[in-house]
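Chain by chain, the residues run as shown.
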Amino acid sequence: MTTSNLAPAPALVTPDLPAWAVPASPDADLSVVGIDKGGTLYIYGDTPATPGPRVPALSGVLIDVTTVKLGKNSRFGPRDYLDFYLAAPIPNTRVLLRLPCGLSPNLHTGIPQMPWAVRSLLSALTTLDLQETAIKLQTTRGNQDATFFRVIPYTPDGHELPEVRAESIGGGRDDLEIAVNRLLSLLGRPPLFTSPHDQ
């Protein structure tokens, strides 16, 4: 066979993304998605009083996780959020899933805990090979009005696999730091938190 009979080489794709995921340039559009008190995902609007459209699910490849303090709260100050950056299967689109991760007293025990949505999402994500796996994220309501995340991995050719089943992480700040550092390690990134508990 001569080289003239060979098919052209496929376009290069970032090595840590599945073939169907299109890597986004640094100036790509960024859609910020939040979660409301009812557990519904929505795109941020111009102001908190005017949220954008609801989103039934998010799909993409997790590329980074970080924390941020935002907003003003007269009683407690700025709120803590956990930001999950995803490369979407749409050219030059990135998604930032922003979840509140501050501790709030449990209604029954009074013990401060992170929201179940964050706890369930972190737990499921740390069971996957994130550099090789695209995911779909959906919310679901549990008992006592708690919201949880469903994490559904995709095969390399884009077919859904069974939902990840994992016990949620603990509700304390140490649990958050350990899980985030583990997630970053799975992504090949340095730890975000430095403490004796980040092993």
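A brief report on the enclosed structure follows.

What counts, and at which threshold
- Residues numbered from 1 in each chain as written.
- Predicted model: local features only at pLDDT ≥ 70, side-chain atom pairs only at ≥ 80, totals over all residues.
- Heavy atoms only, no water.
- Core = buried A, V, L, I, M, F, W, Y, C linked by side-chain atoms within 4.5 Å.
- Buried < 20%, exposed > 50% of the residue type's maximum accessible area, 1.4 Å probe, protein only.
- Helix = DSSP H or I, 4+ residues; strand = E, 2+ residues; numbered from the N terminus.
- Contact = heavy atoms within 4.5 Å.
- Pairing = 2+ DSSP bridges.
- Phe/Tyr/Trp six-rings, centres within 6.5 Å; stacked < 30°, edge-to-face > 60°.
- Lys NZ or Arg CZ within 6 Å of the ring centre and 35° of its normal.

Let us now look at the nonpolar core. Among the nonpolar cores identified, the biggest contains 37 residues, and Phe84, Leu97 and Leu122 are the most heavily contacted of them. Of all elements in the fold, only β1 (29-35), β4 (58-70), β5 (79-87), β6 (93-100), α1 (116-125), β9 (135-141), β10 (147-153) and α2 (173-186) reach the threshold of two or more residues within this core. Counting residues per element, this core draws most heavily on α1, at 6 residues. The residues touching Leu122, leaving out its near neighbours within four places in the chain, are Leu82, Phe84, Ile169, Leu176, Ala179, Val180 and Leu183.

What follows deals with the environment of Ser123. Its location among the elements puts Ser123 in helix α1. For Ser123, a relative accessible area of 6% puts it in the buried group. C-alpha separation for the pair Ser123 and Val180, spaced 57 residues apart in sequence, amounts to 9.7 Å. Apart from residues no more than four positions distant in its own chain, Ser123 is found in contact with Ala166, Glu167, Ser168 and Ile169.

Attention now goes to the pairing of β10. Of all 7 residues in β10, 5 are buried, a share of seventy percent or more. As defined by bridge partners, β9 adjoins β10 across 7 bridges and the pair is classed as antiparallel. Paired with Lys136 across the two strands is Ile152, which belongs to β10. The antiparallel hairpin formed by β9 and β10 contains 5 residues in its connecting segment, where Gln144 sits at a positive phi of about 55°.

All chains considered together, the criterion is met by 2 aromatic pairs. Ring centres of Tyr42 and Tyr44 lie 5.9 Å apart, and the angle between their planes is 10°; this geometry places the pair in the stacked category. On the basis of an interplanar angle of 40° and a centroid distance of 5.6 Å, the ring pair of Trp116 and Phe148 is categorised as tilted. Note that Trp116 is positioned in helix α1 and Phe148 in strand β10, a separation of 32 residues in sequence. A relative accessible area of 32% places Trp116 in the partly exposed class. Assessed through its relative accessible area of 24%, Phe148 is described here as partly exposed. Sitting above the plane of the Trp116 ring, Arg119 keeps its charged end 3.7 Å from the centroid.

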